[in-house]
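An overview of the molecular structure
These are the residues of each chain, in order.
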Amino acid sequence: MLNRRELITRTALASAAMALPGLGQAQIPTTRIIVPFAAGGPIDVTARILAEAVKGTLGTVIVDNRAGAGGNIGVSAAAKAAPDGLTLGIATTASHGINPWLFSKLPYDPAKDFAPITQMLRVPNVLVMNAEAATRLNINSLADLIAYGKANPGKLNYGSGGNGSAGHLAGELFKNQAGIFAVHIPYNGGNPAQVGLLSGQVDFNFDNLATAAPNIRSGRLKALAVTTLQRSSVLPDVPTVATTLPGFEIDTWWGLVVPAGTPAETVRKLNTAFTDALKSPEVKARFGLLLAEPAPNTPEQFGEFMNRERAKYERLVKLSGAKVD
């Protein structure tokens, strides 16, 4: 039998083991997702939805906002993290498609510094006109816009969130394929560009559907076409640009990556956890409120997709002549 002193000692040790991580049971590590933008934006919101959805599989998952330099700070931090599967980053249209050609030097290599996990979602872009301008110019369809542009070279203009932005590149691709000339008006961000369109400073924009939808529904903007190959369930009556200009395809996307060198088994585990979450009815419903479509896929599929996006945007950036530095 234990004497009173031994009993007190063993009880104290047992209490300490329960109170201190690592003594009584293994501590479950925390996973973090580095979001390269400030809290509250669509990328941050969707990352937090997924962090909540995978906690039953991965345990605690936190969102770490590292905003600045157009996303380059956060993306670089993800690239430099330990390849242990506990730090994930967000790859976006800009960071892994456009920026490699827009910047002369990046603090990360989008092709070599990351291992893909899965695409998270895609959001269609939409070609929208100021509704008053559309009425005044008698433009009711994409074909009408192209016909007007050909008959009146240089009289149309379009706005974007800045040189090299997705809206700018979409506009240049449209002009190239349609064989028209329209003046590009760069604004300092997407919101000022939308204000410019609503106020009639510009005639049309290529805007994110989630941003444009409220003004389309209110009648202030006229939607002429969506930029995905398939019609959007949100705007089922609006045709695709590709119906008129075959092969035209530009949308907004982002997905999850980990630092290069992360073990393949860990990548597979993360892919299973996040793709299962993306397929869940709850996540689909919450993404739907943002007009975003979940797009789960395999690491190989996401990697091939990003390679295609880089090749596409290399051409578009050269076509636009845009450079940031």
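Quick note: structure is the one above.
Residues numbered from 1 in each chain as written. Predicted model: local features only at pLDDT ≥ 70, side-chain atom pairs only at ≥ 80, totals over all residues. Heavy atoms only, no water.

Each pocket or cavity is described by its volume, and for the largest pocket that value is around 1,300 Å³. Every residue lining the largest pocket is counted, 47 residues in all, and those nearest its centre are Ser165, Ala166, Gly190, Asn208 and Thr252. Here the lining of the largest pocket is built from residues that sort into 21 nonpolar, 24 polar and two charged. Taken as a whole, the second largest pocket spans an internal volume of roughly 620 Å³. Arg122, Thr228, Gln230, Glu249 and Asp251 are, among the 28 residues lining the second largest pocket, the residues nearest its centre. Within the residue set of the lining of the second largest pocket, elements represented by two or more residues are strand 4 (114-130), helix 8 (166-178) and helix 14 (299-320). A total of seven residues in the lining of the second largest pocket trace back to one element, the largest contributor, which is helix 14. For the lining of the second largest pocket, the residue count by class is nine nonpolar, 10 polar and nine charged. (1 Å grid on protein atoms, 1.4 Å probe; cavity = no way out; pocket = protein on both sides within 12 Å on 5 of 7 lines; lining within 4 Å. Points joined across faces, edges and corners; volume = space filled by probe spheres on them. Nonpolar A, V, L, I, M, F, W, Y, C, P; charged D, E, K, R; others polar. Helix = DSSP H or I, 4+ residues; strand = E, 2+ residues; numbered from the N terminus.)

Tracing the backbone shows His184 in strand 6 (residues 183-186). A polar contact of 3.5 Å, which involves the side chain of His184, links it to the side chain of His168. Discounting chain neighbours no more than four positions away, the residues touching His184 are Tyr158, Ser160, Gly162, Asn163, His168 and Glu172. (Polar contact = N/O pair within 3.5 Å; in protein donor to acceptor, adjacent residues only side chain to side chain. Contact = heavy atoms within 4.5 Å.)

Further remarks concern the pairing of strand 1 (residues 31-35). The side chains of a regular strand alternate between the sheet's two faces. By the criterion of burial, strand 1 is predominantly enclosed, with four of the five residues buried. As paired strands, strand 1 and strand 2 (residues 61-65) are joined by five bridges and run parallel to one another. Within strand 2, the residue paired with Ile34 across the bridge is Asp64. Direction of pairing for strand 1 relative to strand 3 (residues 87-92): parallel, over a ladder of three bridges. When the bridges of strand 3 are listed, Arg32 appears paired with Thr87. (Buried < 20%, exposed > 50% of the residue type's maximum accessible area, 1.4 Å probe, protein only. Pairing = 2+ DSSP bridges.)

Here Asn208 shows up in strand 7 (residues 204-208). Taking C-alpha positions, Asn208 is 7.1 Å from Val123, a pair spaced 85 residues apart along the chain. Residues in contact with Asn208, not counting those within four places in the same chain, are Val123, Pro124, Asn125 and Thr252.

At Asn138, a position not held by glycine, the phi torsion is positive, near 60 degrees. Residue placement: Asn138 occurs in the loop between helix 6 (131-136) and helix 7 (142-151). Accessibility expressed as a relative area gives 57% for Asn138, which makes it exposed.

A large share of strand 7 lies buried, amounting to five of its five residues. In this sheet, strand 7 lies alongside strand 4 in antiparallel orientation, the contact comprising five bridges. Looking across to strand 7, one finds that Asn125 is bridged to Asn208. Pairing of strand 5 (residues 157-160) with strand 7 involves two bridges; the strand directions are parallel. Looking across to strand 7, one finds that Tyr158 is bridged to Phe204.

A word on the pattern of salt bridges. Summed over all chains, the structure comprises nine salt bridges. Two residues, Glu293 and Arg122, come together in a salt bridge whose shortest N-O distance is 3.2 Å. Taken together, the residues span a long stretch of sequence, with Glu293 in strand 10 (residues 293-294) and Arg122 in strand 4 at a distance of 171 residues. Looking at Arg122, the relative accessible area reads 31%, which means it is partly exposed. Note that Lys175 is salt-bridged to Glu172, the shortest N-O span being 3.1 Å. A residue pair is termed a helical-turn pair when its members lie 3 or 4 positions apart in one helix, as Lys175 and Glu172 do in helix 8 at three residues. Residue Glu172 is classed as buried on the basis of its relative accessible area, which comes to 12%. Connected through salt bridges with shared partners, the residues Arg32, Asp64 and Arg66 form a single ionic network. (Salt bridge = Lys/Arg side-chain N within 4 Å of Asp/Glu carboxyl O.)

It is worth spelling out helix 14 at this point. If you check helix 14, its first and last C-alpha atoms are 31 Å apart, about what 22 residues at 1.5 Å a residue would give, namely 32 Å. Pro299, Phe302, Gly303, Phe305, Met306, Glu309, Arg310, Tyr313, Leu316, Val317 and Ser320 are the residues of helix 14 that are buried. Each buried residue of helix 14 lies within a common arc of 150 degrees when the element is viewed along its axis, so the set occupies one face. In helix 14, the exposed positions that point more than 90 degrees away from the buried face belong to Arg308 and Lys318. In this structure, the buried side of helix 14 is in contact with strand 3, helix 5 (93-102), strand 4, helix 8, strand 9 (251-259) and helix 12 (264-278). Of the residues one or two after helix 14, Gly321 is the one with positive phi, at around 75 degrees. (Expected span 1.5 Å × (residues − 1). Arc of directions from axis to C-beta.)

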